[in-house]
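Structure assessment
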Amino acid sequence: MFETAQAVQGVTAVDLYARYPDFNIDVDAEQAQLVEHDVIIFQHPLYWYSAPSIMKEWQDLVLEYGFAYGQHGHELDDKVFMNAVTTGAKHAAYSEEGMNHADLRSLLAPFEKTADLCRMKYLAPFVLFGAGRAVEEGRLDVHRNAYDDLLKALVAGRLDLEQAARTDVMTDVLDDFILKAEGV
Ligand SMILES: Cc1cc2nc3c(=O)[nH]c(=O)nc-3n(C[C@H](O)[C@H](O)[C@H](O)COP(=O)(O)O)c2cc1C
């Protein structure tokens, strides 16, 4: 998925662990990069119903009062935020009846609330469930292609943001959300 993102023109793919092996995050550089982008995607494996620790550190330091939120913190207003997630557990585990008794979007509430506080538009998470079996079940290429489509649609402003914000999760319903170019 990271390689897919790297290959899309208009996308800046950042590996936080490679950029900050000692967790010493450059807040000014990160904030400057945020300002330059319209869409912020947290792409990560699900770790304990959340993101790996460096992403929490990044949030704690970079999303400062007066920059991201607060009366004078408007730098992220109207940007789009999304989690692109892989999980160990199957899709069925993320439902009221399933093992986790909740859907994934509900469990990712801290990200949605953070986006809300920073006045960003939160989209439903784009998810590869049961990632460990995706290759043998032939789902990885399908998912990578869908991610490629999704990123290109975001770059081109062809994603129906209202629909993508409303749904629980983005996986196989993606085709419905991408607006076709006129005449196609
Ligand atoms: C520390 C840790 C915590 C994890 N927590 C969860 C979890 O809460 N829910 C889940 O479905 N999978 C969980 N997993 C499984 C990972 O999400 C899964 O291995 C990953 O998405 C697959 O991507 P990868 O091939 O990049 O590791 C966890 C894995 C690790 C190592």
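The coordinates are above.
Here, residues in each chain are numbered from 1, in the same order as that chain's written sequence. In keeping with the predicted nature of the model, local features appear solely for residues at pLDDT of at least 70, side-chain atom pairs appear and are counted solely at 80 or more, and the whole-chain, interface and lining totals rest on all residues. Derived side-chain values reflect all non-hydrogen atoms in the structure, with water molecules and hydrogen atoms excluded from consideration.

A word on the overall build of the chain
Within the chain one finds 9 helices and 4 strands. Numbering goes from the N terminus for both helices and strands, where a helix is a DSSP run of H or I of at least four residues and a strand is a run of E of at least two. For the chain, the sequential pattern of α-helices and β-strands runs α-α-α-β-α-β-α-α-β-β-α-α-α. What the globule rule says is 2.2 Å times the number of residues to the power 0.38, and the radius of gyration is computed from C-alpha atoms. A compact globule built from 184 residues should have a C-alpha radius of gyration of about 16 Å, and the chain, at 16 Å, falls within 12% of that. Taken along its principal axes, the extent of the C-alpha atoms in the chain is 45 × 45 × 30 Å. Here's how the labels work: a residue is buried when its accessible area is under 20% of the maximum for its type, exposed when over 50%, partly exposed in between, all with a 1.4 Å probe on protein chains only. For the chain, buried positions account for 44% of its 184 residues.

Digging into the nonpolar core
Grouped burial of nonpolar side chains is what soluble globular proteins tend to show. We call a set of buried residues a nonpolar core when its members are Ala, Val, Leu, Ile, Met, Phe, Trp, Tyr or Cys and they connect through side-chain atoms within 4.5 Å of each other. Formed by 30 residues in total, the largest nonpolar core has its most connected members in Leu34, Trp58, Leu76, Phe81 and Leu104. Only β1 (39–45), α4 (53–62), β2 (80–86) and α6 (109–117) provide two or more residues apiece to this core. The element best represented in this core is α4, accounting for 4 residues. Core analysis: the second largest hydrophobic core is formed by 22 residues, Met82, Tyr147, Leu151 and Leu154 among them.

Looking at α4
Taken as a whole, α4 has its buried residues at Ile54, Met55, Trp58, Gln59 and Val62. Taken down its axis, α4 places every buried residue within 145 degrees of arc, on the same side. Arc definition: it is the arc formed by the directions from the helix axis to the C-beta atoms.

Observations concerning helix α7 (residues 140–156)
In this analysis, the expected span of each helix is defined as 1.5 Å times one less than the number of residues it contains. Along its 17 residues, α7 runs 24 Å from first to last C-alpha, staying within 8% of the 24 Å computed at 1.5 Å per residue. Looking only at α7, the buried set comprises His143, Ala146, Tyr147, Asp148, Leu150, Leu151, Ala153 and Leu154. In the core, the buried residues of α7 are packed alongside α1 (2–6), β1, β2, β4 (126–128), α8 (161–166) and α9 (174–177). Where α7 ends, the next residue or the one after it, Gly157, has phi of about 70 degrees, a positive value. Note on contacts: a residue pair qualifies if any of its non-hydrogen atoms lie within 4.5 Å across the two residues.

Overview of the environment of Leu179
Counting through the fold element by element, Leu179 comes out in the segment after α9. Along the sequence, Leu179 and Gly157 sit 22 residues apart, while their C-alpha atoms lie 8.8 Å from each other.

Some details on the packing of helix α3 (residues 27–35) against α4
For helices, the fitted axis covers only the stretch in contact; all axes are lines through C-alpha atoms, and the angles between them, taken along N-to-C directions, range from 0 to 180 degrees. Contact geometry for α3 and α4: axes closest at 10 Å, N-to-C directions at 85 degrees. Between α3 and α4, the crossing angle belongs to the class labelled roughly perpendicular. Counting all contacts with α3, which are made through Val27, Glu30, Gln31 and Leu34, the residues of α4 involved are Trp58, Leu61 and Val62. Split by residue class, the contact of α3 with α4 holds 5 nonpolar, 1 polar and 1 charged. Every angle not falling under 35 degrees, over 145, or within 65 to 115 is termed oblique; those three ranges are roughly parallel, roughly antiparallel and roughly perpendicular. When residue character is reported, Ala, Val, Leu, Ile, Met, Phe, Trp, Tyr, Cys and Pro are called nonpolar, Asp, Glu, Lys and Arg charged, and the others, Gly included, polar.

Concerning the pairing of β2
With 7 of 7 residues buried, β2 is to be regarded as a mostly interior element. Side chains Val80, Met82, Ala84 and Thr86 project from β2 onto one buried face, and the interleaved Phe81, Asn83 and Val85 project onto a second face that is buried too. Being paired, for any two strands, means DSSP has found at least two bridges between them. Where β1 lies against β2, 7 bridges are found, and the strand directions are parallel. Residue pairing across strands places Ile41 opposite Met82, the latter belonging to β2. A right-handed crossover is one whose linking path, passing over the helix from the first strand to the second, runs clockwise when the strands point away from the viewer. This β-α-β element, β1 to α4 to β2, shows right-handed connectivity. Where β2 and strand β3 (residues 121–122) come together, 2 bridges link them in parallel fashion. What sits directly across from Phe81, in β3, is Tyr122. Here β2 runs beside β4; their pairing, made up of 3 bridges, is parallel.

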